[in-house]
Amino acid sequence: MEKTILITGGAGFIGSHVVRLFVNKYPHYQIINLDKLTYAGNLQNLKDIEDAKNYEFVKGDILDTELLKTLFSKYKFDGVIHLAAESHVDRSITNPLEFVQTNVIGTANLLNVAKLSWNGDFENKMFYHISTDEVFGSLGKEGYFVETTPYDPRSPYSASKASSDHLVRAYFHTYKLPAIISNCSNNYGPNQFPEKLIPLAINNIKNNKNIPVYGKGDNIRDWLFVIDHAKAIDLLFHQGKAGETYNIGGDNEWTNLDLIRTLCSIMDERLNREKGASEKLITFVTDRAGHDMRYAIDFTKINQKLGWKPSLDFKQGLESTVDWYLDNEDWLNLIVSGAYQNYYKDQYENR
Ligand code: NAD
Ligand code: DAU
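Residues numbered from 1 in each chain as written. Chains lettered and ligands numbered in written order. Predicted model: local features only at pLDDT ≥ 70, side-chain atom pairs only at ≥ 80, totals over all residues. Heavy atoms only, no water.

## Concerning the overall build of the chain
Scanning the chain from terminus to terminus reveals twelve helices and twelve strands. Whereas a compact globule of 351 residues would reach a radius of gyration of roughly 20 Å, the chain reaches 20 Å, a difference of no more than 12%. By principal-axis analysis of the C-alpha atoms, the chain measures approximately 65 × 45 × 40 Å. In the chain, which comprises 351 residues, the share counted as buried stands at 56%. Intrachain contacts of the chain at a sequence separation of at least 6 include 83% that bridge at least 24 residues. Per element, the accessible surface of the chain, about 15,300 Å² overall, is 48% carbon and sulfur. Within the chain, the 45 negative side-chain charges are centred at a point lying 2 Å from the centre of the 38 positive side-chain charges. (Helix = DSSP H or I, 4+ residues; strand = E, 2+ residues; numbered from the N terminus. Rg over C-alpha atoms; globule rule 2.2 N^0.38 Å. Buried < 20%, exposed > 50% of the residue type's maximum accessible area, 1.4 Å probe, protein only. Contact = heavy atoms within 4.5 Å. Areas by Shrake-Rupley, 256 points an atom, 1.4 Å probe, with all protein chains shown as cover. Lys, Arg positive; Asp, Glu negative; His and termini not counted. Charge placed at Lys NZ, Arg CZ, Asp CG, Glu CD.)

Okay, here's the thing in structure tokens:
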């Protein structure tokens, strides 16, 4: 094997697309996917590659120091791509300490075991930390997040991600651990857990349930197809410069309300409903506490240095995403039974 790579959080939404891309594109790399399989981790996401010769799954927690040491010693990792995290803002408002544990302490633990295991021999090593644009805070009507925008996180989720980014930077500067960070905007696509806006709306429209829109629906997000993010991660892992950070985004800003209306019209078409039928499900509910108004990414750096740009037209991406959720009812139904029902009730019943 040319390289052995540890991918954390590979059973989640973005992680599963990254694992698939690496397993298929690099048959001479060995890919080890370490995932705790929290509510968000799902091995069904990787069914198509689970028997690949260059792939192995390990169920485990990034907080488990002994496990990490054993894995580093057994596999002699050349690189780490770190995606494991608690990722949902609403859950972080309800349960912030879980986010501190996984996102802050978990990342610190992984960094520390990488440093100890590599023991100063950093040649051809890379620790790649996947972060979010939410660390930069909230924009007004104008402007974009660039790599040098000061950090200004507002939710327990974004504060925990910002904190983990700072630790990664500290390990680079203090110990020379070769590390890069990328900060990406909102991803969408197949396999996203239906607590997040797009799959939640698709699932509710399908079942004729209200679509909860926080506040006035005028908050803006910059959407990127998940496979475009995975391709950027591939490029940065191989060609990113240690010590640098890179912004990744879709150049694709939508208010939540316009996005949901577009989804409704695609769903009307797909489900042979009367034009405008799904829009009637839109329901304005109490806003998210501390709701960031606008995110927008300037991705000039990765574009100019490495030639990356988003490949997919948004309407096309949304249509193929809707089709995926409609074609994969079993995947969706398995998730939205049981614990999901309790989550949904707690989160939305009194909004
Ligand atoms: P996700 O919630 O779908 O998946 C997270 C995965 O991490 C799950 O498989 C879960 O089981 C695993 N995990 C959680 N805690 C763990 C632990 N202690 N040890 C091992 N595994 C653990 O998240 P996602 O949306 O795929 O996001 C992946 C990463 O990308 C996160 O770091 C997130 O902050 C970042 N990110 C996400 C987006 C987005 O729009 N979804 C955008 C930018 C950055
Ligand atoms: O920007 C990157 C971030 O994008 C990632 O770091 C996070 O992991 C990811 O979850 C996402 O965060 P958001 O909070 O932007 O995503 P979410 O899908 O939860 O919400 C998108 C927007 O839709 C946000 O403005 C809140 C709103 N919303 C969300 C839900 C779940 C609603 O109006 N109704 C809802 O039911």
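Now that the structure is up, let's keep going.
## Re the site of ligand 2
Near ligand 2 you find 24 residues, and of these Asp133, Tyr157, Arg288, His291 and Tyr348 are the closest. Between Arg288 and ligand 2, the recorded distance is 2.6 Å, taken from a side-chain N or O atom to an oxygen atom. Between ligand 2 and Tyr348, the relevant distance is 2.6 Å, taken from an oxygen atom to a side-chain nitrogen or oxygen of the residue. Protein contact buries 94% of the 690 Å² of open area that ligand 2 shows by itself. When residues of the shell around ligand 2 are traced back to their parent elements, those giving at least two are α6 (197-206) and β8 (211-214). Counting residues per element, the shell around ligand 2 draws most heavily on β8, which supplies three residues. Looking at the shell around ligand 2 residue by residue, the classes come out as ten nonpolar, eight polar and six charged. (Near = heavy atom within 4 Å. Polar contact = N/O pair within 3.5 Å; in protein donor to acceptor, adjacent residues only side chain to side chain. Nonpolar A, V, L, I, M, F, W, Y, C, P; charged D, E, K, R; others polar.)

## Concerning the environment of Thr321
Relative to the assigned elements, Thr321 resides in helix α10 (residues 314-327). The exposure class assigned to Thr321 is buried, which follows from its relative accessible area of 1%. Separated by 131 residues in sequence, Thr321 and Pro190 have C-alpha atoms that sit 5.8 Å apart. From its side chain, Thr321 meets the backbone oxygen of Gly317 in a polar contact 2.7 Å long.

## Notes on the site of ligand 1
Of all residues adjacent to ligand 1, which total 28 residues, the nearest are Ile14, Asp35, Ser87, Tyr157 and Lys161. Leu37 places a main-chain nitrogen or oxygen 3.5 Å from an oxygen atom of ligand 1. Burial of ligand 1 by the protein amounts to 96% of the accessible area it has alone, namely 830 Å². Elements supplying a minimum of two residues to the shell around ligand 1: α1 (13-25), β5 (126-132), α5 (156-175) and β7 (186-188). With three residues, the top contributor of residues to the shell around ligand 1 is β5. Residues of the shell around ligand 1, tallied by class, amount to twelve nonpolar, twelve polar and four charged.

## A word on the sheet that holds strand β6 (residues 179-184)
Whether parallel or antiparallel, the strands of a sheet pair through hydrogen bonds between backbone atoms. Across the sheet, which stays open at both edges, the seven strands sit in the order β3-β2-β1-β4-β5-β6-β10 with parallel pairing between neighbours. In the strand order of this sheet, the two ends are held by β3 (55-59) and β10 (245-248), each with one partner. Adjacent strand axes in the sheet meet at a mean angle of 20°, parallel and antiparallel pairs treated alike. One ladder, built from four bridges, connects strand β1 (residues 3-8) with strand β4 (residues 79-82); its direction is parallel. If you follow Ile5 over to β4, its bridge partner there is Gly79. In the packing of α1 onto the sheet, the strands contacted are β1, β2 (29-35), β3 and β4, and the crossing angle to β2 comes to about 160°. (Pairing = 2+ DSSP bridges. Axes fitted to C-alpha atoms, helices over the stretch in contact; angles between N-to-C directions.)

## As for the packing of aromatic side chains
Here the structure, examined in full by the defined rule, presents 24 aromatic pairs. Relative to Tyr151, the ring of Phe136 has its centre 5.5 Å away and its plane inclined at 90°; by these criteria the two rings are edge-to-face. Taken together, the positions of Phe136 in the loop between β5 and α5 and Tyr151 in the loop between β5 and α5 put the pair 15 residues apart, joining distant regions of the chain. Arranged with centres 6.1 Å apart and planes meeting at 45°, the rings of Tyr340 and Tyr343 form a pair that is tilted. Placement of the pair is Tyr340 and Tyr343 together in helix α12 (residues 339-348), with a separation of three residues, close to one helical turn. What makes Tyr340 buried here is its relative accessible area of 6%. Feature note: the residues Tyr39, Phe193, Tyr214, Tyr340, Tyr343, Tyr344 and Tyr348 constitute an aromatic cluster, connected by ring pairs. In this structure, Arg91 is placed above the aromatic ring of Tyr343, and the distance from its NZ or CZ to the ring centre is 4.1 Å. Geometry around Tyr295 places Arg221 over its ring, the cationic atom sitting 3.9 Å from the centre. (Phe/Tyr/Trp six-rings, centres within 6.5 Å; stacked < 30°, edge-to-face > 60°. Lys NZ or Arg CZ within 6 Å of the ring centre and 35° of its normal.)

## A short note on α6
The buried count for α6 comes to nine of ten residues, which makes it a mostly enclosed element. Of the residues trailing α6, Asn208 is marked for its positive phi of about 55°.

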